[in-house]
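Descriptive analysis of the structure
Listed below, chain by chain, are the residues.
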Number of protein chains: 2
Amino acid sequence: MQRSPDIDDAPSLATLGPAARGVVRALLLGGPLTRAELARRLGLSPASLTKTARPLLVSGLISEGAALVSEQRGRPGAPLVLDAARHQFIGVKLTADEVFAVRADARGRVDVSQSVQIESTEVTAVVAEIVAIVNEIGGDHRIQALGIGLAGEQTRFDDTVRRNHYLGWDQVPLAQLVEEATGIPTVLSGDARALTAGVQWSGPGKGMSELAVLTVGVGIGLGIVLEDKVLSGPSGLVGMIGHHRISDSGPLCELGHRGCASSYLTTAAITAAIGVPHGRVDIDLAQGCALAADGDPVARRVLADAGRALGVIIAQLVNILGLPAVILAGDGLELLSYAEDSMQAALAEHLDPVARRPKVVAFTSGFDEWARGAAVVACQWLLDPPRHRYTRP
Amino acid sequence: MQRSPDIDDAPSLATLGPAARGVVRALLLGGPLTRAELARRLGLSPASLTKTARPLLVSGLISEGAALVSEQRGRPGAPLVLDAARHQFIGVKLTADEVFAVRADARGRVDVSQSVQIESTEVTAVVAEIVAIVNEIGGDHRIQALGIGLAGEQTRFDDTVRRNHYLGWDQVPLAQLVEEATGIPTVLSGDARALTAGVQWSGPGKGMSELAVLTVGVGIGLGIVLEDKVLSGPSGLVGMIGHHRISDSGPLCELGHRGCASSYLTTAAITAAIGVPHGRVDIDLAQGCALAADGDPVARRVLADAGRALGVIIAQLVNILGLPAVILAGDGLELLSYAEDSMQAALAEHLDPVARRPKVVAFTSGFDEWARGAAVVACQWLLDPPRHRYTRP
DNA sequence: CGCTATTACTTGACATGGTGAACGAAAAAG
DNA sequence: CTTTTTCGTTCACCATGTCAAGTAATAGCG
């Protein structure tokens, strides 16, 4: 080819074979790597890497960097460099009253983010809002894929919104609708799954093959990673941990459960529990934490109870699945400031005596993390090796 | 070694390539199948099946049966038949005081079983006992592989016994020791994992891609199947559910937990809970159930509480993992007779409102089911596609 | 300086497992 | 007897991966 590869001239990741995708994935996760190192990580022979890397090099998708200063004895390897910024993705977090979108590169680094309130949850209106924000945020960039995260029962790399309580939708082929309007390949994802994918791809869980992401905020969410894959379950109904009973006594949740996780941990539950004894209904979580900081016994107790609930849930997860790490996220994470001790105590108490204590990490992030996760899902979707299913003509 | 070229001359399953293994696995699970049906189940083209089946046919590993009476319109397919009985496996369940072994075919059908008490848990003594029982039970049959199940933290297709509380072992290369003494390829497995494999391969969970097996007896065990694979976790520590707290009040378990699962569900806990109020220490589970049948209020209450504990655990599993089915097993299962109602009630109460209610199946079986599971693991191990990891010379 | 050990990469022959397209075979339906 | 439908085969071809042998570049060392 004569002309130098223009910036948007690189082939789409979707056209690559499974072997090349594996290399791209490893380069995205591991920065520049030599062929030898790639071969080791992917469990392939050096010969395979020579063969797989060549077409990627000639197509301009990756390039060969200067050899590093050698620490080894032998011939230094030539690092293969993948410019992640040349592969842009858009992630959308869809709720019943807002569309939040980010544009991120293949490593999940966010470039732009934007949000818009929506008035109607009617399908065509929502699709129009998504299309508008995607076009705006996409700008001139070529977008490889679009991921949409929403609360509900989505399976892995889904395309249809099944019965969705929040939006009032049922069997809406949202991916197809958006794809037709934007021309960008689109995939749906449960929001907890998306957040978890983001955390594991390029967040605090990067490189961990097994972990759970537990979110607190309006509700309680859970995403589980096993063997490097985010669990989706056959029906997409996974991680419904919000109403696990923590104790026999305790507050009531909105479903009438006494002492369930939601009754201890949702932001509404915490602010109510702190506000009511003080005769105040307008307290928010920050104020509640401030009260605890001032030594207010009610706030202290409520947050300690919340921490205890967190600890119990973490212990259950680790007992059942043997997870080495649990990451806490969500906008209700503020509560941890005065809940961490009781969380750790409850974790220690409820962990099985032979289970290993997991690493518990608090991951403070903005709301865009949900949309970023959706972008990561879109990227993982493109890189997912086509699952070799013959379909008869 | 010289062998008469008779029926046992078929090639070992271990020599097959991944494609052929897939066909064999499908034939083991699905009885005789035509090439067309195999192609559909494996997601392959008809051409692939012709190619893959041929060497299996000429080697005699499978044969072509007579065409079935046709219900379809077109040409009837020729079913491919695999004689599972020609592939024998041995499964061993190892405890601190007993070695229990079965010989089963590749479909997990048990032919012979035998057990022996062991006096010493010294490694060489135990290995000798295993070798003796394997040789005896193996007879003249060619044994494809040997699986050993034991309580402890074994990873998937393990070969070393790590720190094992029951046997007092640490870092014992048991698989290698037995393999050297018997000449049979040997693999280790956690006992819950083995039981679960047996249940899903050819037990009541046959064909289910997602399920959990919950055992009650001396302890509480848990095995989880996700996407057709039994979960093992990175460290082999999975399913440590025995000390999950069920209620704040309740009996004490041997670790001092009040109201944990073990305190409600182990056979010892139940018999003690029934026996003590009656001033009897020698009650066994059957007698306890008999008392309940006679209307004894203590026994009724204890069994109802046990059922409630079961229901809570099942609900937790289903909430977290979205499992469509849970299978109950173990020698303590007798308790279900007067515990099922409370179990169902607790399950309904603790299940998340949006989660789907799982099928709960009681699977009554003998102790040989544990060893049978180990034999199934051995078979699955042989059929596991060599996981394509290049190892440098 | 040149030799050796070590590590990185390439080359080409080959194996495996997969596909599509064209075709032949056997049954039911009409 | 023809059509339809489904099953199975053949053959050319592709993608991925290995092995064995060789080339390339570096550090260490006499």
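Fair warning: this is a prediction, and the values are worked out from it, not measured in the lab.

Side note on the overall build of chain A
Each helix and strand in chain A was counted, giving 12 helices and 13 strands. Scaling as 2.2 N^0.38, a compact globule of 393 residues should have a C-alpha radius of gyration of about 21 Å, and chain A matches this with 23 Å. For chain A, the C-alpha atoms occupy an extent of roughly 75 × 55 × 45 Å along the three principal directions. The burial tally for chain A puts 53% of its 393 residues in the buried class. Taking all contacts inside chain A whose residues are at least 6 apart in sequence as the whole, residues at least 24 apart take part in 60%. As displayed, chain A has an accessible area near 17100 Å², and 52% of this comes from carbon and sulfur atoms.

Focus: the protein's contact with DNA strand D
Taken together, the neighbourhood of DNA strand D is formed by 29 residues, with Ser 45, Ser 48 and Lys 51 of chain A together with Thr 50 and Arg 54 of chain B sitting nearest. Backbone atoms, meaning sugar and phosphate, form 72% of the atoms of DNA strand D found within 4 Å of the protein. The side chain of Arg 35 of chain B places a nitrogen or oxygen atom 3.2 Å from a phosphate oxygen of DNA strand D. At a separation of 2.5 Å, a phosphate oxygen of DNA strand D approaches a polar side-chain atom of Arg 54 of chain B. Of all the elements, helix 3 (residues 46-58) of chain B adds the most residues to the surface near DNA strand D, at four residues. Each residue belonging to the surface near DNA strand D can be placed in one class, and the counts come to 10 nonpolar, 11 polar and eight charged.

Regarding the protein's contact with DNA strand C
Taken together, 30 residues sit near DNA strand C, with Arg 54 and Ala 78 of chain A together with Ser 45, Ser 48 and Lys 51 of chain B positioned nearest. Backbone atoms, meaning sugar and phosphate, form 71% of the atoms of DNA strand C found within 4 Å of the protein. Between DNA strand C and the protein, one listed contact pairs a base oxygen with a side-chain N or O atom of Lys 51 of chain B at 2.4 Å. At 2.8 Å, a side-chain N or O of Arg 75 of chain B approaches a base nitrogen of DNA strand C. Elements that contribute at least two residues to the surface near DNA strand C include exactly helix 2 (35-42) and helix 3 (46-58) of chain A together with helix 1 (18-30) and helix 3 of chain B. No other element matches helix 3 of chain A, which puts four residues into the surface near DNA strand C. Among the residues making up the surface near DNA strand C, the classes are represented as 11 nonpolar, 11 polar and eight charged.

Focus: the relation of the copies chain A and chain B
Expressed as a screw transformation, the operator carrying chain A onto chain B has a rotation angle of 180 degrees and an axial translation of 0.0 Å, and the superposed copies differ by an RMSD of 0.0 Å. Put plainly, the chains are arranged around a two-fold axis.

Some remarks on the environment of Val 298 of chain A
Residue and element names in this part refer to chain A. Among the structural elements, Val 298 can be located in helix 10 (residues 297-321). For Val 298, a relative accessible area of 24% translates into the label partly exposed. Taking the C-alpha atoms as reference points, Val 298 and Ala 273, 25 residues apart in sequence, are found 8.1 Å from one another. For Val 298, the contacting residues outside a window of four places in its chain are Ala 273, Ile 274, Pro 277 and His 278.

Side note on helix 1 of chain B
All names here are of chain B. In this model helix 1 runs 18 Å from its N-terminal to its C-terminal C-alpha over 13 residues, within 8% of the 18 Å that 1.5 Å per residue would give. Listed as buried for helix 1 are Ala 20, Arg 21, Gly 22, Val 23, Val 24, Ala 26, Leu 27 and Leu 28. Of the residues one or two after helix 1, Gly 31 is the one with positive phi, at around 60 degrees.

Re the packing of aromatic side chains
This model, assessed by the stated rule, comprises two aromatic pairs over all chains. Taking 5.5 Å as the distance between ring centres and 75 degrees as the angle between the ring planes, the aromatic pair formed by Phe 100 of chain B and Phe 367 of chain B counts as edge-to-face. Residue Phe 100 of chain B is located in strand 5 (residues 98-105), and its partner Phe 367 of chain B is located in the loop between strand 13 (359-362) and helix 12 (368-383); the two are separated by 267 residues in the primary sequence. Taking relative accessible area as the criterion, Phe 100 of chain B reaches 13% and is therefore assigned buried. Its end group placed over the ring of Phe 157 of chain A, Arg 193 of chain A keeps NZ or CZ at 5.2 Å from the ring centre. The positively charged end of Lys 93 of chain B is found above the aromatic ring belonging to Trp 370 of chain B, 4.5 Å away from the centroid.

Details of the sheet that holds strand 6 (residues 110-117) of chain B
Residues and elements named next belong to chain B. An order of 6-5-4-7-8 is seen for the five strands of this open sheet, with the pairing classed as mixed. Each edge of the sheet is formed by a strand with only one pairing partner; in this case those strands are strand 6 and strand 8 (186-190). For this sheet the average axis-to-axis angle between neighbouring strands, irrespective of direction, equals 20 degrees. Across seven bridges, strand 4 (residues 88-94) lies against strand 7 (residues 143-150) in parallel orientation. For Gly 91, the partnering residue across the bridge sits in strand 7 and is Gly 147. The sheet strands contacting helix 4 (residues 123-138) are strand 4, strand 5, strand 6 and strand 7, and the helix crosses strand 6 at an angle near 150 degrees. Contacts from helix 6 (residues 191-202) reach strand 4, strand 7 and strand 8, with the element oriented near 100 degrees to strand 8.

A closer look at unusual backbone geometry
All names here are of chain B. Despite not being glycine, Phe 157 has its phi angle at roughly 50 degrees, a positive value. Relative to the elements of secondary structure, Phe 157 occurs in the loop between strand 7 and helix 5 (174-182). Positive phi, normally seen in glycine, also occurs at Glu 227, with a value near 50 degrees. Structurally, Glu 227 can be placed in the loop between strand 10 (220-226) and strand 11 (229-230).

Let's talk about the domain arrangement of chain A
Residue and element names in this part refer to chain A. Taken as a whole, chain A is organised into domain 1 (13-82), domain 2 (86-197 + 370-383) and domain 3 (206-362). Of note, the centres of domain 1 and domain 2, computed from C-alpha atoms alone, are 31 Å apart. Roughly 920 Å² of surface becomes buried between domain 1 and domain 2 when both sides are summed, with 56% attributable to carbon and sulfur atoms. Taken as a group, Leu 13, Arg 21 and Leu 28 account for 58% of the area that domain 1 buries against domain 2, more than any other trio of residues on that side. Where domain 1 touches domain 2, the interface holds zero salt bridges. At the boundary of domain 1 with domain 2, the tally comes to six residue pairs in polar contact (both at pLDDT 80 or more). Within the side of domain 1 that touches domain 2, the residues separate by chemical class into seven nonpolar, two polar and two charged.

A look at the environment of Val 126 of chain B
Its place among the elements puts Val 126 of chain B in helix 4. In the structure, Val 126 of chain B is positioned 32 residues away from Leu 94 of chain B in sequence and 9.0 Å away in space, judged by C-alpha atoms.

What about the interface of chain A and chain B?
Listed as interface residues are 51 residues of chain A and, on the opposing side, 51 residues of chain B. Around 4000 Å² of area is buried between chain A and chain B when both sides are counted, 54% of it from carbon and sulfur atoms. For the chain A face of the interface with chain B, the top three residues by lost area are Met 240, Ile 320 and Tyr 390 of chain A, together amounting to 16%. Linking chain A to chain B there are four salt bridges. Our count for the chain A to chain B interface comes out at 17 residue pairs in polar contact (both at pLDDT 80 or more). Sorting the residues of the side of chain A that touches chain B by element identifies helix 2, strand 10 (220-226), helix 10 and helix 11 (340-350) of chain A as the ones contributing at least two each. Among the elements that take part in the side of chain A that touches chain B, helix 10 of chain A stands out by supplying six residues, more than any other. Among the residues forming the side of chain A that touches chain B, the class breakdown is 22 nonpolar, 15 polar and 14 charged.

Definitions and cut-offs
Per chain, the residues get numbers from 1 upward, laid out in the order the sequence is written. The lettering of chains begins at A and the numbering of ligands begins at 1, in the order of writing. For a predicted model such as this one, the threshold for reporting local features is a pLDDT of at least 70, and the threshold for listing and counting side-chain atom pairs is 80 or more; totals across whole chains, interfaces and linings nevertheless cover every residue. Side-chain metrics in this entry use all non-hydrogen atoms of the structure; hydrogen atoms and water are not considered. Each helix is a run of H or I in the DSSP string that is no shorter than four residues. Each strand is a run of E no shorter than two, and both are numbered from the N terminus. For the radius of gyration, the atom set is restricted to C-alpha positions; the globular benchmark scales as 2.2 Å times the number of residues to the power 0.38. Note on classification: 1.4 Å probe, protein chains only; a residue is buried when its accessible area is under 20% of the maximum for its type, exposed when over 50%, partly exposed between these limits. Only heavy atoms enter the contact rule, under which two residues are in contact if any of them lie within 4.5 Å. We get accessible surface area from the Shrake-Rupley algorithm with a probe of 1.4 Å; when it comes to residues, only the shown protein chains can shield them. Any residue with a non-hydrogen atom lying within 4 Å of a molecule or strand is treated as near it. Counted as a polar contact is a pair of N or O atoms within 3.5 Å, where, for protein atoms, one must be capable of donating a hydrogen and the other of accepting one, and residues adjacent in sequence contribute only when both atoms are in side chains. Residues are grouped as follows: Ala, Val, Leu, Ile, Met, Phe, Trp, Tyr, Cys and Pro are nonpolar; Asp, Glu, Lys and Arg are charged; all remaining types, including Gly, are polar. The copies were overlaid by least squares, fitting only the C-alpha atoms of residues that reach a pLDDT of 70 or more in each copy. Multiplying 1.5 Å by the helix residue count minus one yields the expected span of that helix. Side-chain rings of Phe, Tyr and Trp, where Trp is taken by its six-membered ring, are said to pair if the distance between their centres is within 6.5 Å; with planes under 30 degrees apart they count as stacked, over 60 as edge-to-face, and otherwise as tilted. Note on geometry: a ring has a charge over it if NZ (lysine) or CZ (arginine) is within 6 Å of the ring centre and within 35 degrees of the ring normal. DSSP calls a pair of strands paired once it identifies at least 2 bridges connecting them. Every axis in this analysis is a line fitted to C-alpha atoms, fitted for helices over the stretch in contact. Angles between the N-to-C directions lie between 0 and 180 degrees. A domain assignment, automatic or from a database, supplies the domain bounds used here. When two parts are brought into contact, each loses some accessible area as probed by a 1.4 Å sphere; the total of that loss over both is the buried area. In what follows, salt bridge is the name for a side-chain nitrogen of Lys or Arg lying within 4 Å of a carboxyl oxygen of Asp or Glu.

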